[in-house]
Amino acid sequence: MTTLGKELVFLILQFLEEEGFKEAARVLERSSGYFFNMEHFEELVLKGDWVGAEKYLSGFTKFEDNKYSTKIYFEMRKQNFLESLDNNDRAKALDILFNDLKVFSSDNKELYNEMTQLLTLNNIREHVSLSMYGDTETARTIVVQELKKIIRANPIFHGKVDFPSIRTQRLRRLINQSLNWQHLQCKDPQPNPDIRTLFVDHVCTPPHEHIPFLLNAVIPKCASASVTSTVTNSGISGATLCPVATTDHLETDAASQKSSYLTADRDTQNVTPSGQSSVVSPVDLRENHTGNSVLGSHRLTSITDFPKKVVKILTEDSSQTSMDFHPAQHTLLLVGTSTGDISLWEVASGQKLFGGNFKVWDISACTMAFKTALLKDPRMSVNRAAWSPDGSIFGVAYSKHIVQMYAYHGGNDVRQQLEIDAHVGGVNDLAFAAPHKQLLVITCGDDGAIQAWDMTTGGRIYKFEGHNASVYSLCPRTKNNIHFFFSTSVDGNIKAWLYDDLGPRVDYDAPGRARTSMAYTSDGQRLLSCGTSSSGESFLVEWDESEGAIKRSYQGLQKSSAGAVKFDILKNQFVAAGEENVIKVWNLDNDDVLTTIDAEGGLPENPQIRFNKDGTLLAVYAKENKIKVLASDSGLQLLGICGSGSQGSSRVVGEEGDTVNREALNLNLTEEDNTGKSRKPFESYRRSQCQSLLLPSHVNVEKISRLIYGSAGNAVLALASNGIHLLWKWPVNVLNLTGQATAKVPPELVKRRNSSTTLMKNELTANPEAIPCFALSKNDCYLISSSGGKISLFNVLTFKTMVSITPPSSAATCLAFHPIDNNIVAIGRADSTILTYNVRLNKTVSVLSGHTGRISGLAFSNTLNMLVSTGADAQIIVWDAENFARQGSRRLLEFPDGVESDTSVQFHPDQTQLLVVHKSYMGVLSAHNLECDAKWIPGDSTAISGATFSCDGHKVYAGFMDGTVGIFASSSLQLFCQIALHTILPSSSSLDVYPASIAAHPQKPNQFAVGLTSGEVVVIEPPGPGTEWWVDCSDDAV
């Protein structure tokens, strides 16, 4: 049998053991001869089942095979003979002597004769050699030990005594992977397939039929947990499901791998939007399981920008029990206290915007149990206060029964919305989720129940039962369009749930069975938990989601903590926990404590902590009812911005003495006109106050039409108007230890492997108005690009063209990858339509119509589940990202008949706002209702060539056709800094050069790059580490 066949036998043996089919497992062991179960053999010998022991042994060796085998059989039969004599069963002993032991007489006649003489003794212990023979049990134990030694020494048993190291439920996992693969091959794959048999390949049933849920991957229990099934109704019993999709790439057999989209040497595939292809094969562009960028991953390891400087101290009337920063307004802090009070603080000003004491809004609607509990003990404390994902609502969970929901309309406008008598006893945690596009608040309590409530009506939608103790915390998550959440109980039990009535999909224990909280990093790729056991030992760990095991245990927490240790995560870089009167900080990729922060003293033993969303501020509980707010350098700027207001001076970086003054241009806008406030003169900077780097290139290219950074921040990718792609990557060296893009160290222009000249290049057309466009997948593995001709899909690692899609009639003008599934691409076209195209299936999913001009902007939001498009008609349209139904629209500008001009769109990093850019208009709009939050109109002397948010969303970088770059405050679109490019370009550069494209660094908020009409790319940043573009804009700053 082949090696794979042998391994399959081992998997079947494992499955039989796990399912309790032990007798069948023993038969398979004996008939295959691959694994000698020493434990089973020992059990047979110890209970004197000599027939069974010989039968099992015979599957592996015969007595004549070698001297070791002969010895094994002889010792077993001899012991059976002695036991028969000791039991005075001489007839049985005589039968064993003549039928079983006779075969050994030829090798040792003297020994056989001595055994024959034993028949004449009344007690076998009268023989000299058996004088020490004890009772039967002792004799068998001695024989077992001797047999085990001989078996292990026998060459026939080499490699057969020890079972291979295989993770539990491996066969079930392989079956699940096969089912998932079958589902992906369905002609019309449905989101909820009902798989009830393994006898035939799975085919999705018609979509109108009800189908239970299918999950794409597994998280088994930690440590002692078993692997779980990925299919709810697969008919495979004895397994639970974890609702976390981790099948980030498709596992295929050898045949399918030859045509796999991920094979570097795959021949080019020509595909038409109708779905016809010269090569038909399954294609999968989902992220690789490591989540690392092909262009190179990078993690910050420095603590320099960690919030560690105390900048504000807020004082409450009682001790704090919970706090949460607003998801979009990063200086807005929600606080709950031990007396039931709630407060809303504007950290920048130190002002309490709202404060409220606990009171029941409608006692008549409450249960008698709550009324009784409140009458018995009227004291009430806040267990949890938390914002909804968009910050329009916050919820408060109290120590008795009640959850109250407030609507927040900005400033101090807080309104009562819902009051729910949710649990019997305390409500320990709450969280928000939106499965099926329905906003829910999930609560858990002392009664061991978890419930989900409709935020509109207050009605209960789901009740989740299964915990045997009070439920302590909740952790909701959406991954690959699967909505689920984790729950933990006070006895250290962790469960995972989907939003249905089928019970928990995962059930396992936290380390030390500690009272545990769980949280994901901001990118959703890493899951951490922190808990404290009843004995006081604390555990901070990272989980391996694909295996359900602990991936990393962070060291440095006490073994005997006096209370529960709380933790929080700073984006995707650091994790912090409050213990021993300090804040302990770890780099996520290192087990040891990176640093500790005492916040200038005055912290309790286990202080609670909370970061704001962008990681620039850290709030920590302190003694005497105080909250200390710590800030990083960026946080100091954030607080300064909010404190100084939006008025004041703006500064230009350019030639010394040069000043610029712009007035608003009145256009025929469909919204309210710009205020047209005059702007103060810009104060000039010296040239040395801006650091720039012209990226090296010996390739003859024209205007840089498109520009983007790689997600790791260590590469820049450009598309020139002549269809050539240029990729620069910064090396890691002594001058650039992080390998990040920098204006101080030149990068290398990447060439295709085994070639010194070949670059990625698009097919060109004769149309001079063709619009170059491209999009990079979120893991930087794939680039889809067009310059008016075929749409090419490149493997960024090899530069090979993986697929070429031929447009039937209209050229592509804009491209975007779906944020969850890289197989789905949105293609904006010159004929004003949008194609959603499945690259793996080689077919068009839908055609979206609504614009009257060519498509010039596409942006997906995973959080809001929407696609936003803009066109040359200056119209914005919002589409559902799942079914691509039209949800709303707005016309931004009005043009004279026959006049069109491109409009681009980009989501703010928190995905609550949109940046919409036209050559005569730049606006920040609400993503929820498309209302304008801020706008800016250039003077009549120039036009906007492009703009982008900074990675932290605080700034907008904009290029102008007069050869300048402006830096704006994103909240107000006030221009506060301007760079004249001719001051930083070589003297040989033309004065007519201007930025044709612009991109912001994904991790450095003060760095950006511009692609010029001359075919050059320049990286620009402040002159030194820690310096900012942002300047004081107050009236006295000039």
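None of the values given here were measured: they were computed from a predicted structure.

The rules behind each value
Residues numbered from 1 in each chain as written. Predicted model: local features only at pLDDT ≥ 70, side-chain atom pairs only at ≥ 80, totals over all residues. Heavy atoms only, no water. Helix = DSSP H or I, 4+ residues; strand = E, 2+ residues; numbered from the N terminus. Buried < 20%, exposed > 50% of the residue type's maximum accessible area, 1.4 Å probe, protein only. Contact = heavy atoms within 4.5 Å. Areas by Shrake-Rupley, 256 points an atom, 1.4 Å probe, with all protein chains shown as cover. Pairing = 2+ DSSP bridges. Axes fitted to C-alpha atoms, helices over the stretch in contact; angles between N-to-C directions. Parallel < 35°, antiparallel > 145°, perpendicular 65-115°, else oblique. Left-handed = near helix turned anticlockwise from the far one by under 90°. Nonpolar A, V, L, I, M, F, W, Y, C, P; charged D, E, K, R; others polar. Core = buried A, V, L, I, M, F, W, Y, C linked by side-chain atoms within 4.5 Å. UniProt positions renumbered as here; feature names shortened; annotations may be inferred.

When helices and strands are tallied, the chain shows 12 helices and 59 strands. Counting across all 1038 residues of the chain, residues that qualify as buried make up 55%. Contacts in the chain between residues at least 24 apart in sequence constitute 54% of all its contacts with a sequence separation of at least 6. For the chain, the exposed surface amounts to about 43,800 Å²; the carbon and sulfur share of it is 49%.

What follows deals with the pairing of strand β33 (residues 704–709). Pairing of β33 with strand β34 (residues 715–720), which is carried by five bridges, proceeds in the antiparallel orientation. The partner of I704 across the bridge, within β34, is A720. Between β33 and β34, which follow one another and run antiparallel, lie five residues, and G713 among them has a positive phi close to 80°.

Here we take up the packing of helix α5 (residues 67–86) against helix α6 (residues 90–99). As a packed pair, α5 and α6 sit with axes 8 Å apart at the nearest point and diverge in direction by 160°. By the angle between their axes, α5 is roughly antiparallel relative to α6. Between α5 and α6 lies a crossing of left-handed hand. Where α5 approaches α6, its residues R77, N80, F81, S84 and L85 are matched on the opposing element by R90, K92, A93, I96 and L97. Classifying every residue of the contact of α5 with α6 gives five nonpolar, two polar and three charged.

Here the focus is the nonpolar core. Judged by nonpolar contacts, the single largest core of 36 residues is most densely connected at F36, F41, F81 and L101. Of all the elements in the fold, those that place two or more residues in this core are α3 (38–46), α4 (50–57), α5, α6, α7 (109–117) and α8 (136–153). Per-element tally for this core: the top contributor is α5, with seven residues. Discounting residues that sit within four places of it in the chain, F36 has contacts with F41, Y56, L57, F60, I151, F157, K160 and V161. In terms of nonpolar packing, the next biggest core, distinct from the first, is built from 32 residues, L695, L717, A741 and A1009 among them.

Another aspect to go through is the UniProt feature "repeat: WD" (unreviewed entry) in the chain. As recorded in UniProt, the feature "repeat: WD" (unreviewed entry) lies at residues 420–463 and 848–883. Taken as a whole, residues 848–883 contains 0% helix and 56% strand, while its terminal C-alpha atoms sit 11 Å from one another.

We now examine the packing of helix α1 (residues 3–19) against helix α2 (residues 22–32). For the pair α1 and α2, the least separation of the axes is 8 Å and the interaxial angle reads 160°. As the angle between them shows, α1 and α2 are arranged roughly antiparallel. α1 and α2 meet at a crossing whose hand is left-handed. Between α1, through V9, I12, L13, L16 and E17, and α2, the contact on the second element is made entirely by K22, A24, A25, R26, L28, E29 and S32.

A positive phi angle is found at K437, which is not glycine, with a value near 60°. Within the element layout of this structure, K437 appears in the loop between β11 (427–433) and β12 (440–445). The phi angle at N625 is positive, at roughly 60°, despite the residue not being glycine. Among the structural elements, N625 can be located in the loop between β28 (617–622) and β29 (626–631). N625 sits in the partly exposed class, given a relative accessible area of 24%.

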